[in-house]
Number of protein chains: 2
Amino acid sequence: MSTIVQKFGGTSVGDAEKIKRAAEKVKRAKEAGHRVVTVVSAMGKSTDALVRLAQDISRDPDKREMDMLLATGEQVTISLMVMALKELGLDAVSLTGWQAGIITEPVHSDARIMEINTNRVEAYLDEGKVVIVAGFQGMSADGEITTLGRGGSDTTAVALAAALKAESCTIFTDVTGVYTCDPRVVKEARQLQSISYDEMLELANLGAGVLHPRAVEFAKNYQLPLIVRSSMEDVEGTIVEEEASMEQNLIVRGLAFEGAVTKITIEGLANRYDAMANVFSSLADAGINVDIIIQQMSGDNELNVSFSIHTQKLEEALNVIEKNCEQLNYRSIRHEDRLAKVSIVGSGMISNPGVAAQMFKVLADEEIAIKMVSTSEIKVSAVIPEADMVKAVESLHTAFELHAQPEAKVTLS
Amino acid sequence: MSTIVQKFGGTSVGDAEKIKRAAEKVKRAKEAGHRVVTVVSAMGKSTDALVRLAQDISRDPDKREMDMLLATGEQVTISLMVMALKELGLDAVSLTGWQAGIITEPVHSDARIMEINTNRVEAYLDEGKVVIVAGFQGMSADGEITTLGRGGSDTTAVALAAALKAESCTIFTDVTGVYTCDPRVVKEARQLQSISYDEMLELANLGAGVLHPRAVEFAKNYQLPLIVRSSMEDVEGTIVEEEASMEQNLIVRGLAFEGAVTKITIEGLANRYDAMANVFSSLADAGINVDIIIQQMSGDNELNVSFSIHTQKLEEALNVIEKNCEQLNYRSIRHEDRLAKVSIVGSGMISNPGVAAQMFKVLADEEIAIKMVSTSEIKVSAVIPEADMVKAVESLHTAFELHAQPEAKVTLS
C-alpha cells in the first residue's frame, strides 16, 4: 500500500468547522486505500495569540521559552483533528513533533530537521491508523522542544514524506495551486498544472509565497512529488516535480515580483582582495539579507558595488556600513529606494539565450528604467521603479504568453 | 542548600499580571537561598476553553486526545512563567511533564505517577536555575502524554518534592490557609497554623477543597511538610505535617460539611455471605461512589443496608439495584434525599471517647435528626436534614470552641 503525506496550514484548520472539513479530506485519502500521515499547523490566529501573551510578559522573550510556548499551538490542532476523524469513524492517533521522531538541531526558533525516526509513525500506520503529526516542531537530541521557523509545517510534511518514502506530499492551502503570476495583480494569471522544483524554488524565493523554499528544496533532494491544492474548493492543484521541465515549449513558466526594494551603492572602495568580503560579512553579521549584488571596476582602479535590500533594513544597513567606514575604506555611499524587483522564471531559459533580451525589450517598450539586473540559469530579475511594477508585470505576462499557454497535458498523462 | 517546591494553581496564574506576581514569590524563595522548583497549572479558565474546543468537535472526545489537548495548558504557563522570571533577572528554565521525568501509568485522564526521574531537574538546579515544571501531566513508559486528573498539579508538586527530598512543598492558592470550617458559612471560622496529614485527609475528603487528597497522602507517605498559603496576600499559611497532632488540647481541629446527600435503604436482603459484596460491586461497576454504609440485621434474620450517595447519582443507583433485583434478592428499597453530612475531625479524638457523644448532644439540643452516623479514628460524621446543615455546623463550631482555640505556638516554634 502506498503512503501519502498531507499538510493543512493554519487557515485550513482555523476553527472547528474547518477542522471537520479537513478531516473529510483525510478520510477520502484513507478510503482511497492509502496509508495516510497528516501534518497540521496551529489553528488560524492562535500563534498570534500566544505571541501576544508572551509580549504581555516580556518585550524580548527567551527563544527557548517561545518554542515551548508556540509548540502548544500544533499540539492543540492534532488532538482536535483526531477527534474529528474519530467522529467520522476513522482510527487515528496524534503525535507531537518529538513523539513523531523529528530530531532537529539544538537551536531555537529556526531549527533544521537533522533526522526522522519513523518507527512510531510506521507502527501506527501498520495498525491501519491515520497518523496526525504536529507541524513546525521537533526535539533536539538532548530533549529540548524546538521549532522550525517560517514555513515549518511544510518542511515537516515534506521531510516526513521523504523519510517514509511516501508516494507524494499534498499541501492543502488557501489557494488552488501555483499561478503564472499573482492573480490579485494580473487578471490573466493562470493556474499551472505542473512546475519543476527549480522553477518553484525561484518563484518561492521571489515571494510567490505558496510553498516554503525549504520544503521545495527538500522535495527536490528526494524527488518527492509535491501537490499544492485548495483545502476549501474541490479542484485539481498544481504538481511540483522534476519532469515538469519536459514541457518543451514552456520558456517562461511564471513571474514573480516584490516591492519595497532599496538599492545601495558604495563607491570608491579600495581595491583589495577582501573588500567585497568585508562589506557583505558586516551586513550578514547584522542579520541584513542582501539580494542582488553587482560589482564594477571604475577606470581608475576603484571598486564600485551595488546591492539591493528590503527597504525596511535601509537605515540599519547604512549604519553598519558607516560604522565600518574606516575598515571598509570607501569614498561615498548612496541609495535609491521605492524600487521593485520583477522576475521571469522558467527551465526553458537554459537553452534560450534570448529570453533576457526579450524581457529588457518589453520593459524598454514600456519606458521602464532598469536599475539592476540579475540572472540565473532559470531566472532573470530586473530592479525597476516601484511605480512601474504592476505595468511591468502585466506586460511581461502578456509578452511571454503566460495566460495563453496550452497546458501541456502530455507531461502529466 | 535546601530544595523547596512551590505550586501555583490556575487562579494564581490566571493572566499576565498574576504570573508576574507569582514570579515575584518565586524570586523571593530563590533569594532566600533555596534551590527552587515551581509547579504551575494551566492559566485560569484556559482548560475550560480547551474542553469547549473539543466539544465543538466531538461529544465524547477520545481520552488519549483529551490528554494531548489539555497538556498544552500547563505548557503555556511554564513558558510564560520563565519569561516573567527572566524579566526579574532570574535564570530559569521550563520543563513539560515528560521532560521533568514524570512517569505515569499508561492510562489517560486519571493516571497515577509511577516514578520520577529527577536527573534533568537536578542538573538544572545544580546550574543555579529555577526549574518551572508543568503540573497535572506526565508521560507513560511508552511515550504517551498522560494527565493526572483532578488535583493533578498538587500531586505533581508533592511527588516532585518527595523525589527531590525537598525541605517542604508550598501550595499557593486563592485562600490564605486551612480553616476550622468554611469561613463563608461560619463567620467565626479561624485559620489553623498547623494540621496533621490525617486530619487534612479527612477534611479534604469531606470537601474542604483546599488540597487534593492524593497530594496529602503522598506528602504523608514521605513525611513532607506541606504549606498552604495565599498567592495574593502576603500572610502566613497553614502547615500540614505529622507533628501537628502534638497539640494536646486540640480534640477537634476542624469541621466539614456537604449537602446533596441521599440515603438509600435496601430492606429484606437475603442473608447470604455475598449479599453486601453484590450490592456494592454492582454500584462500583456503574461508577457510583458510596460514602457511608450501615448494615443491620433485623429480628427475623433479614439484612437491611443503608448507604449514602451524592443526590445526583440517585436515579442511576436505583436503576442499578432494580436491574439486579433478582440476583440481589431483596424485599424493598427506599430513599431519602435533601440530606447533608456534617463531620468533626481531629487527631485528639483517638483518646477521647466522649467526642462523638458530645457531637450528638449538640445536634440533639438543636433538635436536629440524625439519619446516619459514621466514625473513624479521627472523625465523626452525621447525616442530617440539609435544611439543618448550617445551624448544625455553627453550633458544633461553637460547642467545640473552634473559634476560640489558642493557636498552639509551641508546636511550631
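Fair warning: this is a prediction, and the values are worked out from it, not measured in the lab.

Each helix and strand counted, chain A has twelve helices and 18 strands in total. Over its C-alpha atoms chain A spans a radius of gyration of 23 Å, differing by no more than 12% from the 22 Å that the globule rule assigns to 413 residues. For chain A, the spread of C-alpha atoms along the principal axes amounts to about 75 × 55 × 35 Å. Of all 413 residues assigned to chain A, the portion counted as buried reaches 57%. Partitioning the contacts of chain A with sequence separation of at least 6, the portion at a separation of at least 24 is 74%. Summing over all exposed atoms, chain A offers an accessible surface of approximately 17800 Å²; the carbon and sulfur share of this is 47%. In chain A, the 40 positive side-chain charges and the 59 negative ones have mean positions that sit 3 Å from each other.

As a further point, take the UniProt feature "binding site: ATP" (unreviewed entry) in chain A. All names here are of chain A. On the UniProt side, "binding site: ATP" (unreviewed entry) is annotated at positions that read Lys7, Phe8, Gly9, Gly10, Thr173, Asp174, Tyr179 and Arg184 here. The annotated residues occupy 178 residues of the chain and do not converge on a single region, their most distant C-alpha atoms lying 24.5 Å apart. With sequence-adjacent residues up to four places away left out, glycine 9 is seen in contact with Ser41 and Phe172. For tyrosine 179, a relative accessible area of 26% translates into the label partly exposed. Contact partners of tyrosine 179, with chain neighbours within four places excluded, come to Ala189, Arg190, Gln191 and Leu192. Polar side-chain contacts of tyrosine 179 include one of 3.0 Å to the side chain of threonine 176.

What follows concerns the UniProt feature "binding site: substrate" (unreviewed entry) in chain A. Residue and element names in this part refer to chain A. Sites flagged by UniProt as "binding site: substrate" (unreviewed entry) map to Thr47 and Glu74. For the residues just named, distributed over 28 residues, the greatest C-alpha separation is only 9.1 Å, placing them together at one site. Of note, threonine 47 is situated in helix α2 (residues 46-57). Setting aside chain neighbours within four positions, we find threonine 47 in contact with Ala42 and Leu70. As for its placement among the helices and strands, glutamate 74 is situated in helix α3 (residues 63-87). In contact with glutamate 74, not counting residues within four places along its chain, are Val40, Ser41, Ala42, Ala134, Gly135, Phe136 and Gln137.

Next up on the list: the relation of the copies chain B and chain A. Mapping chain B onto chain A calls for a rotation angle of 179° and an axial translation of 0.0 Å; the resulting RMSD is 0.1 Å. In short, the pair behaves as if placed about a two-fold rotation axis. Of the C-alpha atoms belonging to chain B, the one lying closest to the rotation axis is found on threonine 72 of chain B, 2.5 Å away. Of the residues that chain B buries at the interface, 100% are likewise interface residues in chain A, meaning the two copies contact each other through the same surface.

Residue and element names in this part refer to chain A. What the four strands build is an open sheet, ordered β5-β4-β7-β8; its pairing is mixed. Every interior strand has two partners, whereas the edge strands, β5 (113-116) and β8 (145-147), have only one. Between one strand axis and the next, the sheet turns through 45° on average, direction left out of account. In terms of strand pairing, strand β4 (residues 102-104) meets β5 through three bridges, oriented antiparallel. Opposite isoleucine 103, over in β5, you have glutamate 115 as the bridge partner.

Another point: helix α7 (residues 213-221) of chain A. Residues and elements named next belong to chain A. For α7, the set of buried residues is Pro213, Ala215, Val216 and Ala219. Here the buried residues of α7 occupy an arc of 160° about the axis, which is enough to place them on one side. One or two residues past the end of α7 sits glutamine 223, with phi positive at roughly 50°.

Let us look at empty space enclosed by the protein. Counted under the stated rule, the structure contains three cavities of 30 Å³ or more. Each pocket or cavity is described by its volume, and for the largest cavity that value is around 60 Å³. Around the largest cavity sit Ala71, Gln75, Thr96, Trp98, Gln137 and Ile145 of chain A together with Ala71, Gln75, Thr96, Trp98, Gln137 and Ile145 of chain B, which together line it. Residue composition of the lining of the largest cavity, grouped by class: six nonpolar, six polar and no charged. Here the second largest cavity defines a volume of roughly 40 Å³. Taken together, Ser12, Lys18, Arg21, Ala22, Ser231 and Met232 of chain A make up the lining of the second largest cavity. Classifying every residue of the lining of the second largest cavity by side-chain character gives two nonpolar, two polar and two charged.

With that out of the way, let us pick up helix α1 (residues 16-31) of chain A. All names here are of chain A. With 16 residues, α1 should cover 22 Å at 1.5 Å per step; its first-to-last C-alpha distance of 22 Å lies within 8% of that length. Of the residues making up α1, those classed as buried are Ala16, Ile19, Ala22, Ala23, Lys25, Val26 and Ala29. Here the buried residues of α1 occupy an arc of 170° about the axis, which is enough to place them on one side. If you check the start of α1, you find a side-chain oxygen 3.1 Å away from the backbone N of glutamate 17, and it comes from aspartate 15. Positive phi appears at glycine 33, one or two residues downstream of α1, with a value of about 95°.

Here the focus is the pairing of strand β3 (residues 92-95) of chain B. Residues and elements named next belong to chain B. Taking every second residue as pointing to the same face, both faces of β3 are buried, with Ala92 and Ser94 on one and Val93 and Leu95 on the other. Both β3 and strand β6 (residues 130-134) contribute to a ladder of four bridges, which runs parallel. Its bridge partner being in β6, leucine 95 is matched across the sheet by valine 133.

Turning next to the interface of chain B and chain A. Contact residues are listed per partner, giving 43 residues for chain B and 43 residues for chain A. Summed over both sides, the interface of chain B with chain A buries roughly 3300 Å², with 65% coming from carbon and sulfur. Across the contact surface, chain B and chain A share four salt bridges. In this structure, the salt-bridge partner of lysine 86 of chain B is aspartate 62 of chain A, at a minimum N-O distance of 3.1 Å. The interface formed by chain B and chain A contains 18 residue pairs in polar contact (both at pLDDT 80 or more). Mapped onto the side of chain B that touches chain A, the elements with two or more residues apiece are α1 (16-31), α2 (46-57), α3 (63-87), β3 and α4 (119-126) of chain B. Considering every element that reaches the side of chain B that touches chain A, the biggest residue donor is α3 of chain B, with 17 residues. Of the residues contributing to the side of chain B that touches chain A, the split by class is 24 nonpolar, eight polar and eleven charged.

Before going further, it helps to spend a moment on the packing of helix α11 (residues 355-365) of chain A against helix α12 (residues 389-399) of chain A. All names here are of chain A. For the pair α11 and α12, the least separation of the axes is 10 Å and the interaxial angle reads 130°. The pairing of α11 with α12 is recorded here as oblique in orientation. Crossing geometry of α11 relative to α12 is assigned as right-handed. The segment α11 lies against α12, with Gln358, Met359, Val362 and Leu363 engaging Ala392, Ser395, Leu396 and Ala399. Across the contact of α11 with α12, the residue classes tally to six nonpolar, two polar and no charged.

Each value, and the rule that gives it
Counting from 1, residues in each chain are numbered in the order their sequence is written. Here every chain gets a letter starting at A, and every ligand a number starting at 1, in the order they are written. Only residues with pLDDT of 70 or above have their local features reported here, since the model is predicted, and side-chain atom pairs are shown and tallied only from 80 upward, although totals for entire chains, interfaces and linings are computed over all residues. To get the side-chain values, all heavy atoms of the structure are used, and hydrogens and water are removed first. To qualify as a helix, a DSSP run of H or I must reach at least 4 residues; to qualify as a strand, a run of E must reach at least 2; elements of each kind are numbered from the N terminus. Computation of the radius of gyration draws on C-alpha atoms, with the globule rule given as 2.2 Å multiplied by the number of residues to the power 0.38. When accessible area is computed with a 1.4 Å probe and restricted to protein chains, residues below 20% of their type maximum are described as buried, those above 50% as exposed, and intermediate ones as partly exposed. By definition, residues are in contact when any of their heavy atoms lie within 4.5 Å. Each accessible area is a Shrake-Rupley result for a 1.4 Å probe, and residues are judged covered by the shown protein chains and nothing else. In this tally, Asp and Glu contribute negative charge and Lys and Arg positive charge; neither His nor the terminal groups of the chain are included. The atoms used to mark charge sites are NZ of Lys, CZ of Arg, CG of Asp and CD of Glu. UniProt positions are given in the numbering used here, feature names are shortened, and annotations may be inferred rather than shown by experiment. Polar contact is defined as a pair of N or O atoms within 3.5 Å, subject to the rule that within protein one atom must be able to donate a hydrogen and the other to accept it, and that residues adjacent in sequence are counted only when both atoms are side-chain atoms. The least-squares superposition of copies is restricted to C-alpha atoms, and to residues with a pLDDT of at least 70 in both copies. Strands pair, by our definition, only if DSSP identifies at least two bridges between them. Axis definition: a line fitted to C-alpha atoms, limited for helices to the stretch in contact. Angles are taken between N-to-C directions and run from 0 to 180 degrees. Each direction from the helix axis to a C-beta atom contributes to the arc, which is the arc of those directions. Only protein atoms enter the calculation, which uses a 1 Å grid: trapped sets of points that fit a 1.4 Å probe without letting it out are cavities, open sets showing protein on both sides within 12 Å along at least five of seven lines are pockets, and any residue with an atom within 4 Å of a point is a lining residue. Grid points are joined across faces, edges and corners, and a volume is the space filled by probe spheres set on the points. In the scheme used here, Gly and all other residues not listed as nonpolar or charged are polar, with Ala, Val, Leu, Ile, Met, Phe, Trp, Tyr, Cys and Pro taken as nonpolar and Asp, Glu, Lys and Arg as charged. Helices are assigned an expected span. That span is 1.5 Å times one less than the residue count. Throughout, buried area stands for the accessible area (probe radius 1.4 Å) lost by two parts on being put together, summed over both. Whenever a carboxyl oxygen of Asp or Glu lies within 4 Å of a side-chain nitrogen of Lys or Arg, that contact is scored as a salt bridge. With respect to orientation, any angle under 35 degrees is reported as roughly parallel, any angle over 145 as roughly antiparallel, any angle of 65 to 115 as roughly perpendicular, and every other angle as oblique. The crossing is said to be left-handed when, going from far helix to near helix, the turn is anticlockwise and less than a right angle, and right-handed when the turn is clockwise.

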